[in-house]
Amino acid sequence: MNDDNAFKFLRKQKINALNIEISEYEHDKLGCKHYHLHTESDENVFLIAFKTVPMDSTGVAHILEHTSLCGSKKYPVRDPFFMMTRRSLNTFMNAFTAADWTAYPFATRNLKDFSNLRKVYLDAVFQSRLDPLDFAQEGHRIELTTNENNEETAVFKGIVYNEMKGAMSSPISILYQNLSKYLYPTQTYHYNSGGEPDHIPDLSYQGLIDFYEAHYHPSNATFFTYGNIPAIEHQVNFHKEALERFTLNDVSNHKQNIRVGNEKRYLSPIRIQEAYAAQPTPKEQDSRDSYVIMAWLLPAHDHFQRILEYYFLSEILLGTSAAPLMKALETTNLGDAPSPLIGLHDNFKEAAFCCGLQGTNSEDFLKIEEMILETLKRISTEEIPQEDIDATLHQLELSQREIRGDAYPFGLELIMEALTPALHGHDPFEFLEIDEALNNLKKKAASKDFIPALIKECLLENQHRITLTLYPDLELNARKAHNEEKHLKQIYNRLSEAEKKDIQEKTQQLENRQAQIDDPEILPKVTLQDIPASICIPEGVTLPSAEKRPAKLTAYKSGTNGIFIQKVIASLPQLSQEELPSLNLLWTIWTQVGTRNESYLKLQKKINQYTGGINAGSSLSADKQDLNRFTAFVSLSSKGLRRNQAAVSDLLSEFWQAPNFNEIQRIKDLLQKFRQDIINTVTEQGHSLAIQASTSHLYPVKHFTNLTEGLPFIQWLKSMGGDLKKDECIEKICDRLKNIQTRIAQSPCQHLYITDEEPTNLDIKNLTKNWQFATSEPQEQSFYEYTFKPNHQNTVWFTSSQVNFCAKSYPTVAQSHQDIPKLRVLAAVLKNSFLHTQIREKGGAYGGGAMLNVANGGFSFFSYRDPRLKETLADFDRSINWILDESIEDRHLEEAILSIIGSIDKPLSPAGEASHAFFENLFNRSKEERLAWRKQITEVSKEDLIYVANKYLQPEKGICAVITDKHTWAKESLKDFSEFEI
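Can you lay out the packing of helix α20 (residues 580-589) against helix α27 (residues 727-745) for me, pointing to particular residues and giving the numbers?
It is at 10 Å that the axes of α20 and α27 come closest, and there the two elements cross at 80°. It follows from the interaxial angle that α20 and α27 lie roughly perpendicular. Here α20 contributes Ser-582, Leu-583, Leu-585, Leu-586 and Ile-589 to the contact with α27, which in turn contributes Ile-733, Arg-736, Leu-737, Ile-740, Gln-741 and Ile-744. Tallied by class, the residues present in the contact of α20 with α27 amount to eight nonpolar, two polar and one charged.

Tell me about the confidence of the model for the protein chain, residues and numbers included.
For the protein chain, the average pLDDT comes to 92, and 96% of its residues sit at 70 or higher. Ranking the helices and strands of the protein chain by mean pLDDT puts strand β4 (residues 44-51) first, with 98, and helix α9 (residues 251-257) last, with 54.

Give a description of the pattern of salt bridges that names residues and reports values.
Throughout the structure, instances matching the rule amount to 61 salt bridges. The salt bridge involving Arg-642 is made with Asp-756; its shortest N-O contact spans 2.5 Å. Taken together, the residues Arg-642 in the loop between β21 (630-641) and α22 (645-657) and Asp-756 in the loop between β22 (749-755) and α28 (764-767) connect sequence positions 114 residues apart. Classification of Arg-642 as partly exposed rests on a relative accessible area of 37%. Judged by relative accessible area, Asp-756 falls into the partly exposed class, the value being 23%. Among the charged side chains, a network of salt bridges with common partners joins Arg-86, Arg-87, Glu-521, Glu-889, Arg-891 and Glu-895.

Talk me through the sheet that holds strand β17 (residues 541-543); I want residue IDs and the actual numbers.
Taken together, the six strands give an open sheet; going across it, the order is β17-β18-β22-β19-β21-β20, and neighbouring strands pair in mixed fashion. The sheet is open, and its two borders are formed by β17 and β20 (614-622), each paired with just one other strand. Adjacent strand axes in the sheet meet at a mean angle of 25°, parallel and antiparallel pairs treated alike. Where β17 meets strand β18 (residues 552-557), three bridges bridge the pair, whose relative direction is antiparallel. Across the sheet, residue Val-541 finds its bridge partner in β18, namely Ala-555. Together, β19 (563-571), β20, β21 and β22 form the strand contacts of α22, whose direction differs from that of β21 by roughly 140°.

Cut-off values and rules
Residues numbered from 1 in each chain as written. Predicted model: local features only at pLDDT ≥ 70, side-chain atom pairs only at ≥ 80, totals over all residues. Heavy atoms only, no water. Axes fitted to C-alpha atoms, helices over the stretch in contact; angles between N-to-C directions. Helix = DSSP H or I, 4+ residues; strand = E, 2+ residues; numbered from the N terminus. Parallel < 35°, antiparallel > 145°, perpendicular 65-115°, else oblique. Contact = heavy atoms within 4.5 Å. Nonpolar A, V, L, I, M, F, W, Y, C, P; charged D, E, K, R; others polar. pLDDT = per-residue confidence, 0-100. Salt bridge = Lys/Arg side-chain N within 4 Å of Asp/Glu carboxyl O. Buried < 20%, exposed > 50% of the residue type's maximum accessible area, 1.4 Å probe, protein only. Pairing = 2+ DSSP bridges.

Written out as structure tokens, the structure is:
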């Protein structure tokens, strides 16, 4: 140990299945831990986490997460986090607030960039300025405004305040929060760590400071790193850049006061009823819009073996449609579908298990409770088939081997798995190396008494149980709005003239702060010279088909760690207008039914036994030279361990050639679940849906996509209501699905294989023995025939949301056009250098910006969880004027280019990289074109941006789409919008 490194080595362990070596270190004086996951990957990941245990719902931990990233002692600029997102080649940057921890992670492939980001993050958390104006901007504040009656009144503002208004508009969020509230009555999980909108204004600035000082001490910190930088190098920098400033003062107090204890157990189960905001829709008056959830707090555990047993039990009961409890939930007439919150929840110190129904009658909660308990009692007396036990153990092995990384960097995913146990005193090594625990589980599962004993201990004899009913309240949002207005009126009436003046002065101070231009050179950065000249793009090998039958077989060798991926692809057949809404239903139902040879129950077991799931879907892309035509492909895909290659291929073949769409009751159950799930997504994906709606009349591919998966599709599915419970309706849908799928199966198909084997070693004859190949080769560039009538209308869609989602879109050009790189950079400049300040900082929305859809056309402005409407739409137009007034600076251009290159170079999982390369080739976008387009991004000039803004972004030509509620819309008085109900 040298003077610059006060961390002492504790232990290390090689984890072969993940190709990493994990080491544990502890600071000699401050007590903080460092876990390093060493690998040869050049995508290095950093994460620092603090246990944060709020004991109220003011959102203090969440607001602190935001405010800590608004400037620090070494970097006294007001927005270092967002400034660094555009002065960096990061592959990931964010911050998370969970129920009992707050984490600050980033990832990058550039060593200089890693050093820059580490310095900013460490200073942000350990030397945060926490300016009162940043607290007002990010958390909450009161401003004075004029209402629709031209009267002065008070209003709440704040980014987190509006974010949580949006979050708590979702029934799923409300369900989750209430489940935590009652399942954990005395611990931190009882409260909403993100903040309840009603309680956020109760947090004082001093309360924020007190929470920071109590929780953000190094003794309460845990460091995680992943990648090829040595652990000692990290530790020397931790010391020099942060830890050397701290002493032993209050270390023991910090550790003692910041802890999560075990929950006090209920002596008997409890039942609760809560409401969520809803609105009536056509054809839906049967009152089956409630959720009924049963949840158990599981026995306390102190090692991974116990958690693995809980996971095993959850999968045995609920893992597939053939699992006994899931089968009961899917087939009961007490509800439309299983609850969206279901199974094991192990992200808290003590794990929970829940199950239940959605689309229920709230008065049936006792019947649902009885049904679930009786099902569990029955299961505990019956022997679980050995094949089901083996299949569940197979899924555990598959999840351990799979190298992910398509959503988050793979290193960050591993760190997140280790985070909760590390913070709560459990061994994170066990959560990454599961082989020993898995072998012990296999031995225990061999006993016929093991599963019944688990069911009895964890569920049937466990008195810490709740039954939560969440029912719709059509007036709840109106009451919330009324109560907020009443509360604000009371606040306003109590204000003295001096207090009003103080509010106005602070409002002006915040506006001045938001308008000030900080010196960006205070912050470190990478430059255009740091951009790698090229990137590696996988290349596939075309294999000869078995027995000389026509079929294109493409294989990629990739680091999949013993996992095999197979995809079957064919062109989408021509569909009638009446068939379009059924397309999205097909992707959900296709692999969830039986086939001509076996029932869905038997096939679900086989899928669980041999694969990691089978999925259907489509991939659409406009022609790279003409946006008025597009190509559409259908794919069926699966993955599995290498030893199961033939079984995976056989299952794909069976679903491709012989799915059974005559299982009326099964399809009825699936559709009711899908309907509930898709409706629940509106407030989570509102900005994406609004963008989709605003671009739908620009090009055929946009119109097609909007009708098959956008707001019109959701509207259609929601309007079906009780019709989805009628056999005659289901039979019509089944006939359409059967017709579409039959035409797909009759089309020429091709195969994609991704494996860590040499492609020439694949046993193609065995893998394709059951495939009936077409008599002709698949056509890669066969354009889909689709015509539509452009109708450039502005639209507003009404839903039960306390905040808004806005979009405005413009027509552009095809991908091969020379203006596309310029438009892509223009979108980044507008988002980074104008819209972020206007929409998020000043407007209070959680997010907003501009984007270009490179492949399918359309330049879109958007906002997310936005308290404003017409002001935001005006900001979209103002951003165009900002560009045309030549306000752009050299740094704006450089920052935009860096952020784009970072997103282009972001690595996917090994399998994801190969699949992406395959589909780029399928859509006739060669490797050379992709690399050339990347280079063109780096050559865009300021003059180019002014040129394309003037050419394409004429404000009067934009098409708007807004998602909001009727109460908000009535106050805005926007004209020329067509109105629709979701």
